[in-house]
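Close look at the chain arrangement
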Amino acid sequence: CRGPRTDLRTRRAAMGDDFVFVSDVPEDAEWTLLPSDSAMVEGLLEELQVLIQDAEGAGVPRAAAEKLRSKLASRTLTVAVVALAKAGKSTLLNALIGREFLPSAAQPATSCVVRVRHERGCRGRLCGEDGGTLCEGRQAIHAHIAECNRQRREDKSQQSTAVTLDLFADIQALQTLGGGVELLDTPGPNEAGAGLEMEVLAALKGTDVVLYVLDFTKIGTADEQHMFAMLADAIGPLMQSVHSGTQRIFFVLNKIDERSRNDGDLAEIRRTVAVRISSMLPKPVSASQVIPVAAELALLSKQVRDPERQHDVAFLEDFLRKAKGECFKDEVTPRQYSAVALSKAAQVEEQSMFADLHQAVLVEMFRKKTVLLSLPICEALSRELAAVRNTAVIERSTAQKTAEQVHAALVEMQQTQAQTNERLQVLQSRLSTITQEVNAEAQKYFSCFRQDLEYAIPQLFAPVPNRENPDYRRYVVPILHWFHGVDLSLEASSREQLERTVVQVNTIISRVVAAKWKLYSKEMVGAMREKRAQVQLDLLAEAQPVMQNVIQASSESLQVPLDDEVLCASATSFSEFEADSREAIEKMVQRKQEKVEKMKEGETRTRKRNLCLYNYTEAYTERVPYFVDQVVETVRFQLDASLLVNQWLAKIREETEVSQATVTRYVEEQIASEAASIHDQIRSRCQALIAAVQAQQESQQRGYSDAKASAAVANESIRQLEGLGERARHVGRRLEKAAAAGAAATPDTA
C-alpha cells in the first residue's frame with residue numbers, strides 16, 4: 001500500500017512495531033508496506049492477541065497467557081548460516097553486512113558463534129554474552145574475533161565451551177527491509193579435531209530459519225552427507241519445510257564463479273546439485289531452490305564503495321584482479337585504482353548474482369517473518385487450551401454420572417495418583433547421576449583456572465622464562481602488559497622501595513586473578529546454561545510418559561476422551577541465568593556463614609573468600625603477606641620470589657576448593673529444583689483433575705439442581721474452549737496460507 005508519509009505514520013501507531021520505516025529516504029518518496037506485514041497478516045495477529053485474552057478468560061493460567069503475549073511481541077527472526085568448513089559462510093555474511101567484520105582465511109576461520117544484529121547507522125560494535133562492549137570499529141572487531149577463534153583452536157580445553165559474540169552493525173542487505181532479524185555465523189563442524197559439532201547443534205536450538213551454504217567445489221562429499229544427517233536430527237521440522245508454504249531452509253550454492261566450461265551451464269549445475277541434495281534429504285529439492293552466488297565477488301563489490309577501502313591499495317588490486325584479470329596493471333595506473341574500481345563495482349556485483357539471493361532468501365523471509373514467528377504461538381495456545389478443556393470435560397462427565405460412578409472413578413484416580421508418585425520417586429533416583437555429570441563439567445573450569453595460574457605466576461618471576469612453550473603463549477603472554485614497567489626481580493635499594501614494589505606486584509596479581517576468573521566463570525556459566533537445557537530435556541523425556549499415563553488413566557476412569565497434555569520447562573537468557581546463579585550462590589554462602597557464626601559464636605575464625613563472589617568490576621584489594629622479616633639485606637634489599645609465588649598459589653588453591661564446594665552444592669540444588677518443577681507439574685495436574693471430580697461430587701451431595709447447574713456450566717465452558725481451539729487452528733491455517741500467497745507475489749521495496 002502506498003501513500004503520503006504522514007498517513008502511514010498514523011497507521012503505524014495503530015498497527016504496531018512490525019510496520020517498518022526507512023528513515024533516510026526523501027520526504028516526498030513513496031512508502032511501501034511489505035506483503036508479510038500487510039493488513040491481512042496484521043489482522044491475524046490482532047485476532048491472535050484477542051484469542052490469547054479470551055483464552056485467559058476461559059481458564060488458561062495468567063502466567064501462560066503472559067508468556068504467549070511476550071512471544072507475540074517479540075519480532076526477531078533468527079537465521080543460522082550453516083555449512084562445512086571453508087564453504088564461505090563468513091564471506092557470505094560479510095557480503096550481507098556490506099563490510100568485512102568476520103574473519104575468513106585460507107584455513108578454517110570460524111570457531112565462535114557470532115550473532116549479527118542490525119542496528120541502523122552503527123559502524124560496528126562487538127559485545128560479549130554479558131552484553132558488555134568488547135571493541136568497536138571494523139578493524140578492531142575483525143582482529144578480536146580472529147584472536148578469539150585462534151585461541152579456541154589452539155586451546156583444546158576451551159573447545160567444549162560454546163562462545164557466542166554479538167556483533168551490532170548496519171546490515172546493508174536489511175536496510176530496505178527493516179530489522180527484526182539476527183544472523184548467526186556458525187563454525188564448520190567437520191574440521192578435524194576441532195570438536196565443534198556440538199557447538200553447531202547448540203546454535204541451531206531456537207533457530208527459525210537455516211541458510212545452508214554449499215561449496216560448489218565440494219558437493220556430495222562424506223562430510224556433506226554427515227552434515228545433512230546431523231541437521232535432520234537437530235532441525236527436523238525445518239528440513240521438512242522444503243516444499244511447504246513456509247519454507248525455513250534455503251540452499252545457497254557458493255563459489256559459483258569458480259565453475260569451468262566443463263561444468264555445463266548454470267541451469268544444468270543447479271539441476272545436478274538439486275539431485276545430489278535430494279539424495280541426502282527426506283524430500284526432493286527442485287533446481288529452483290538451489291540459489292547460486294559468488295559471495296566473494298559480492299563482498300568485493302560492496303567493499304569498494306566503502307570510503308575506508310578506497311585508499312587501500314592492496315584491496316583495490318585484489319578487486320581489480322577479479323574485475324579485469326591478472327594483467328590489469330597494463331591498463332590501470334595506481335592513481336586510477338579507486339576510480340576504475342568504483343566504475344566496475346556494479347558489474348562485479350551483477351556477476352556475483354547477489355541480487356537473486358537477496359530476492360529469493362531475504363525478501364522471502366521478510367514476507368513470512370510474522371508467520372514464522374506466530375505459528376509456534378498458535379501451537380502453544382492450543383496446548384494450553386487442551387489442558388483447560390480436559391478439566392472442563394471431567395467436570396461435565398462427573399456431573400452426569402451417579403454418585404456411585406463418581407466415587408468409583410475418584411478411587412481409581414487416587415490410585416493413579418499414588419502410582420504416579422511412585423514413578424516420580426523412581427525418576428528422582430536418576431538425579432544423582434545427572435548431578436555428577438553436571439558437576440564434572442563445572443569442575444573442569446576450576447581445574448583449568450588453577451592450571452592457568454599455577455603455570456603463569458611462577459613464570460612471571462622465572463629468571464629465564466620458557467617463552468617457546470605453548471603454555472607460556474597461552475597463559476603468560478596475555479597478562480604481561482599488566483606488569484609493564486614493574487620490576488619483578490623483587491630487588492631494591494631500600495626496604496621502603498622494596499615494600500612499595502611488592503605491594504604493587506600483589507595488587508596486579510590480584511587483578512590478574514580476578515580478570516582470569518571472570519573469563520573462566522563466564523565460560524562456566526555458559527556451559528552450565530547449556531547443561532541446564534540438556535537436563536531439562538532429559539527430565540522432560542522421562543517425565544512426559546508419566547504425565548501421559550495420568551491423562552490416560554483419568555480418561556479411562558471417567559470413560560471420556562481427553563486431549564494429550566505436554567510438559568514444558570522455562571528457558572532463560574545468558575544474562576538472566578548468570579544473575580540467577582550469582583544470587584543463588586550468594587544466598588548459599590550467606591546461609592553457611594550465618595550457620596558457622598551461630599556454631600562458633602565468640603570464637604576467632606578465618607573467613608575463606610569465595611571466588612564465586614568476586615566483584616569483577618573492582619580490583620581485589622586484599623594483600624598476600626610478603627614476608628618482610630625474610631627480606632635479605634645486603635647492599636640492596638631483596639625478597640625471594642618463591643615465597644611470594646607459593647603464598648599466592650596456596651591462596652588460589654584454598655579459594656578454588658571453597659568455590660568448587662559451593663558450586664557443587666549449587667548444582668545439586670538446581671537440578672533438584674528443575675526436577676521438582678517438572679514433577680510438580682505432574683502432581684499438580686493430577687491433583688487438579690481429582691479436585692475437579694471432588695468438586696462435582698460435592699455438588700451432587702448438595703442436590704440434583706446443583707449437579708445439573710455444574711454440568712451446564714461445564715458444558716458451556718467446553719463449548720467455549722472448543723471454539724477457542726478451533727479459532728487458534730484457523731488462525732494458524734490462515735497464516736500458512738498468507739505465507740504461501742505471499743510467495744508468488746513480487747514485493748515492492750522503498
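Residues numbered from 1 in each chain as written. Predicted model: local features only at pLDDT ≥ 70, side-chain atom pairs only at ≥ 80, totals over all residues. Heavy atoms only, no water.

**A word on the overall build of the chain**
Basically, it comes down to this: Only runs of H or I of at least four residues qualify as helices and only runs of E of at least two qualify as strands under DSSP, and these elements are numbered from the N terminus. Think of it in three bands: residues with accessible area under 20% of the maximum for their type are buried, residues over 50% are exposed, and the middle band is partly exposed, with areas taken using a 1.4 Å probe on protein chains only. A contact between two residues is defined here by any heavy atoms of the two lying within 4.5 Å. Here the accessible surface of atoms and residues is derived via Shrake-Rupley with a 1.4 Å probe, and residues count as covered only by protein chains that are part of the display.
Scanning the chain from N- to C-terminus turns up 20 helices and 12 strands. Here the chain, with 750 residues, has 49% of them falling under the buried criterion. Looking at the chain alone, contacts between residues at least 24 apart form 77% of all its contacts between residues at least 6 apart. Carbon together with sulfur atoms contributes 50% to the accessible area of the chain, which is approximately 35700 Å² in total.

**Regarding the environment of S279**
Position of S279 among the secondary structure elements: in the loop between α9 (266-278) and β9 (290-292). Separated by 54 residues in the primary sequence, S279 and Q225 have C-alpha atoms spaced 9.1 Å apart.

**Some remarks on the packing of helix α10 (residues 295-303) against helix α11 (residues 313-324)**
Heads up, the condition is: Only C-alpha atoms enter the line fits that serve as axes; for helices the fit covers just the stretch in contact. Angles between N-to-C directions range over 0 to 180 degrees. Any angle that is under 35 degrees is reported as roughly parallel, and any over 145 degrees as roughly antiparallel; angles of 65 to 115 degrees are reported as roughly perpendicular and all others as oblique. It is the rotation of the near helix from the far one that decides the hand of a crossing: anticlockwise by less than a right angle makes it left-handed, clockwise makes it right-handed. Three categories are distinguished: nonpolar for Ala, Val, Leu, Ile, Met, Phe, Trp, Tyr, Cys and Pro, charged for Asp, Glu, Lys and Arg, and polar for the others, with Gly belonging to the last.
Across the interface, α10 lies against α11 with an axial gap of 10 Å and an inter-helix angle of 130 degrees. Classified by the angle their axes make, α10 and α11 are oblique. Viewed along their axes, α10 and α11 form a crossing whose handedness is left-handed. Residues E296, L297, L300, S301 and Q303 of α10 lie in contact with α11, whose contacting residues are F315, D318, F319 and K322. A class-by-class count of the residues in the contact of α10 with α11 yields 4 nonpolar, 2 polar and 3 charged.

**A look at the side chain of K302**
Within the secondary structure layout, K302 lies in helix α10. Apart from the residues within four sequence positions on either side, K302 is in contact with A95, G98, Q172, E349 and F354.

**Description of the pattern of salt bridges**
This is how the line gets drawn: The term salt bridge refers to a side-chain nitrogen of Lys or Arg lying within 4 Å of a carboxyl oxygen of Asp or Glu.
Going through the model one piece at a time under the given rule, you end up with 32 salt bridges. R719 is the partner of E716 in a salt bridge, and the nearest nitrogen-oxygen pair spans 2.4 Å. In this pair, E716 and R719 both sit in helix α20 (residues 704-743), 3 residues apart, roughly one turn of the helix. Beyond isolated ion pairs, a larger network of salt bridges with shared partners links R99, R123, R138, D306 and E308.

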